[in-house]
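Take a look at the letters that make up each chain.
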Amino acid sequence: MVVAGAIVDVAFGGWMNDKLGRKKSKLLADVVFIIGALVMAIGPAPWVIIVGRILVGLGVGVASMTTPLYISEASPAKIKGALVSINAFLITGVQFLSYLINLAFTKASGTWCWMLGVAGIPAMIQFILMLSLPESPRWLYRQVILFDRHKI
């Protein structure tokens, strides 16, 4: 269900990035991801967990498109490629870390609630840290051009 949500939201991700900006799109993706994680954590029935998985997928869809775009537009040309590569490496590393965290929760009561709910913590941290970052300079430049064109 996560993949299905991601596929649907990637289709709208480009439009969202152009209209809202990279930063706001990323923040919105974090909020949707956090809501999805909370829904999964408190899900009393399988259908509720499926809804949470779809919400998480929607967040992942926008984030997977917006993050490399934001990094490439906001970083200096000298280190741009390295930063995008580090992003891809960290995604894989965090997936491995999530397996270890889930292993730690296998003996806890309410195993599924913890495993699914803890996924919202990185999104919360990212949301808070993203607030301190600027909007993509390229997106801001494009907005000025569009604004000036409509003024004439």
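In what follows, the structure referred to is the one given above.
This text gives an overview of the structure that appears in the document. All of these numbers come straight from a predicted model, not from anything done at the bench.

### Digging into the packing of aromatic side chains
Tallying each qualifying case throughout the model produces one aromatic pair. On the basis of an interplanar angle of 10° and a centroid distance of 5.8 Å, the ring pair of F105 and W114 is categorised as stacked. Using a relative accessible area of 19% as the deciding quantity, one classes F105 as buried.

### Observations regarding the side chain of K23
By the element assignment, K23 lies in helix 2 (residues 22-42). Buried charged residue K23 carries no salt bridge. Nearest counter-charge: E135, at 7.0 Å. A polar atom in the side chain of K23 sits 2.6 Å from the backbone oxygen of L133. Residues within four places of K23 in sequence aside, it is in contact with M130, L131, L133, P134 and E135.

### Some points on the environment of M40
By the element assignment, M40 lies in helix 2. When the C-alpha atoms of M40 and M115 are compared, they prove to be 9.3 Å apart, with 75 residues separating the residues in sequence. Ignoring anything within four residues of it in the chain, the contact list for M40 reads I49, G52, R53, V56 and L116.

### Re the packing of helix 2 against helix 3 (residues 46-74)
Between two packed helices, what matters for the description is the angle formed by their axes and the separation of those axes. Orientation of helix 2 relative to helix 3, taken along the N-to-C sense of each, is 155°, at an axis distance of 7 Å. Relative to helix 3, the element helix 2 lies roughly antiparallel. As helix 2 runs across helix 3, the sense of the crossing is left-handed. When the residues that make up the contact of helix 2 with helix 3 are grouped by side-chain class, the tally is 17 nonpolar, six polar and four charged.

### Let's talk about the pattern of salt bridges
Any two side chains of opposite charge can pair, so long as their charged atoms come close to each other. As enumerated under the stated definition, the model contains three salt bridges in all. Salt-bridge contacts for D18 lead to R22; the nearest nitrogen and oxygen are separated by 3.6 Å. Between D18 and R142 there is a salt bridge, with its nearest N and O atoms 3.5 Å apart. Here R142 lies in helix 7 (residues 137-151) and D18 lies in helix 1 (residues 2-20), a separation of 124 residues in the sequence. Here the residues in one salt-bridge network are D18, R22, E73 and R142, joined through shared partners.

Rules and cut-offs
- Residues numbered from 1 in each chain as written.
- Predicted model: local features only at pLDDT ≥ 70, side-chain atom pairs only at ≥ 80, totals over all residues.
- Heavy atoms only, no water.
- Phe/Tyr/Trp six-rings, centres within 6.5 Å; stacked < 30°, edge-to-face > 60°.
- Buried < 20%, exposed > 50% of the residue type's maximum accessible area, 1.4 Å probe, protein only.
- Helix = DSSP H or I, 4+ residues; strand = E, 2+ residues; numbered from the N terminus.
- Lys, Arg positive; Asp, Glu negative; His and termini not counted.
- Salt bridge = Lys/Arg side-chain N within 4 Å of Asp/Glu carboxyl O.
- Polar contact = N/O pair within 3.5 Å; in protein donor to acceptor, adjacent residues only side chain to side chain.
- Contact = heavy atoms within 4.5 Å.
- Axes fitted to C-alpha atoms, helices over the stretch in contact; angles between N-to-C directions.
- Parallel < 35°, antiparallel > 145°, perpendicular 65-115°, else oblique.
- Left-handed = near helix turned anticlockwise from the far one by under 90°.
- Nonpolar A, V, L, I, M, F, W, Y, C, P; charged D, E, K, R; others polar.

Note that all results are geometric; they support no functional claim without further evidence.
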